[in-house]
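# Close look at the chain arrangement
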Amino acid sequence: MSKTSDIAPDPELCNGPAHVAIIMDGNGRWAKLRGRPRLFGHHAGVKRVREVIKAAPHLGIEYLTVFAFSTENWKRTQAEVAGLMSLFRRYIAHEARALDAENVRVRFIGDRVKLDAKLVGLMDELEELTRDNTRVNLTIALNYGGRDEVARATQRLAEEVAAGRLKPEDVDEETLPRFLDTHVLPDPDLVIRTSGEARISNFLLWQSAYAEYEFVDTLWPDFSAQELEDLCRKFGTRDRRFGAVPK
Ligand code: IPE
Ligand code: IPE
Ligand code: MG
């Protein structure tokens with residue numbers, strides 16, 4: 001099957017973020033405003049995911065990471081959790097071919113142990129199907145929590161130390177992230193949260209140490225490719241000093 005080829009991004013966006021991570025929030029409130037059940041908002045949110053994936057390569061975004069379900073989201077009603085899990089299964093099953101045809105490489109981060117076997121099977125298949133794709137790297141955070149990720153990484157690191165394969169004195173800022181779910185990804189340059197909440201809710205805690213943040217009022221089902229472009233342009237005007245004094 002022929003795939004969408006890699007494209008040159010808009011040259012005006014050459015200072016744009018290479019890795020954008022999005023906390024897609026506000027689906028429930030969007031549905032409530034319309035007098036509809038929360039799941040209606042989650043379904044509407046999926047359309048925005050598609051739009052953002054399509055727009056990303058034109059904006060010079062090489063890595064796009066989206067927060068779909070947090071380790072804390074199990075606290076929601078059983079009906080909402082079940083509805084979300086069914087939505088994830090359907091999304092993966094229905095979108096797999098299109099994502100592959102669009103040359104999107106898909107990865108998942110988060111703890112898969114608590115997810116049902118059917119969903120995990122679909123996640124594995126999609127990662128395998130798209131593993132050679134090059135146009136954009138899409139990472140979906142599903143049952144993801146930053147603290148949980150660091151705890152799981154530390155457990156595996158401790159196992160390496162206990163087995164004598166790693167010396168405690170060799171554990172540093174380079175070593176630890178090799179055990180994180182994101183070990184093959186660069187750190188995010190820009191983290192966007194929709195819905196007006198100014199918090200990160202346990203997303204990419206280690207990786208976002210030097211990310212730029214944008215908190216926008218738009219509810220996720222109203223977010224558009226144009227808004228993403230505006231935020232990428234704004235990012236290009238930021239002076240990222242990483243602790244140094246500017247020249
Ligand atoms: C984000 O929207 C989607 C998930 C967390 C799964 P919400 O469901 O949190 O929507 P609000 O914040 O209640 O409006
Ligand atoms: C963060 O949104 C998680 C996702 C977008 C998947 P939440 O709606 O769960 O965050 P809180 O509860 O408002 O902090
Ligand atoms: Mg929310």
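The following paragraphs examine the structure supplied in this document.

## As for the pairing of strand E3 (residues 104–109)
The element E3 is largely enclosed, with a buried count of five among its six residues. Here six bridges tie E3 to strand E4 (residues 136–144), and the two strands are oriented parallel to one another. Bridge pairing links Arg 107 to Thr 139 in E4.

## Focus: the site of ligand 2
The environment of ligand 2 is made up of Ile 23, Met 24, Asp 25, Phe 67, Ala 68, Phe 69, Asn 73, Arg 76, Arg 193, Arg 199 and Ser 201. Between ligand 2 and Asn 73, the relevant distance is 2.9 Å, taken from an oxygen atom to a side-chain nitrogen or oxygen of the residue. Between ligand 2 and Ser 201, the relevant distance is 2.6 Å, taken from an oxygen atom to a side-chain nitrogen or oxygen of the residue. Because more than half of its atoms lie within 2 Å of the grid, ligand 2 is assigned to the largest pocket. Across the shell around ligand 2, the residue classes break down as five nonpolar, two polar and four charged.

## Thoughts on the packing of helix H3 (residues 78–101) against helix H4 (residues 117–129)
In the contact formed by H3 and H4, the axes pass within 10 Å of each other and the chain directions differ by 20°. It follows that H3 is roughly parallel to H4 by the angle criterion. You can see that H3 and H4 cross each other, and the crossing is left-handed. Here Met 85, Phe 88, Arg 89, Ile 92, Ala 93, Ala 96, Leu 99 and Asp 100 of H3 come into contact with H4, specifically with Lys 118, Leu 119, Leu 122, Met 123, Leu 126 and Leu 129. Classifying every residue of the contact of H3 with H4 by side-chain character gives eleven nonpolar, no polar and three charged.

## Comments concerning the layout of surface pockets
Of the pockets and cavities examined, the largest pocket occupies roughly 670 Å³. Around the largest pocket, the lining comprises 35 residues; the ones closest to its centre are Met 24, Asn 27, Phe 67, Ala 68 and Phe 69. Put simply, the parts of the chain that give the lining of the largest pocket at least two residues each are helix H1 (27–33), helix H2 (38–55), strand E2 (63–70), H3 and E4. If you tally residues by element for the lining of the largest pocket, the top one is H2, at six residues.

What counts, and at which threshold
- Residues numbered from 1 in each chain as written.
- Chains lettered and ligands numbered in written order.
- Predicted model: local features only at pLDDT ≥ 70, side-chain atom pairs only at ≥ 80, totals over all residues.
- Heavy atoms only, no water.
- Buried < 20%, exposed > 50% of the residue type's maximum accessible area, 1.4 Å probe, protein only.
- Helix = DSSP H or I, 4+ residues; strand = E, 2+ residues; numbered from the N terminus.
- Pairing = 2+ DSSP bridges.
- Near = heavy atom within 4 Å.
- Polar contact = N/O pair within 3.5 Å; in protein donor to acceptor, adjacent residues only side chain to side chain.
- 1 Å grid on protein atoms, 1.4 Å probe; cavity = no way out; pocket = protein on both sides within 12 Å on 5 of 7 lines; lining within 4 Å.
- Sits in = over half its atoms within 2 Å of the grid points.
- Nonpolar A, V, L, I, M, F, W, Y, C, P; charged D, E, K, R; others polar.
- Axes fitted to C-alpha atoms, helices over the stretch in contact; angles between N-to-C directions.
- Parallel < 35°, antiparallel > 145°, perpendicular 65-115°, else oblique.
- Left-handed = near helix turned anticlockwise from the far one by under 90°.
- Contact = heavy atoms within 4.5 Å.
- Points joined across faces, edges and corners; volume = space filled by probe spheres on them.

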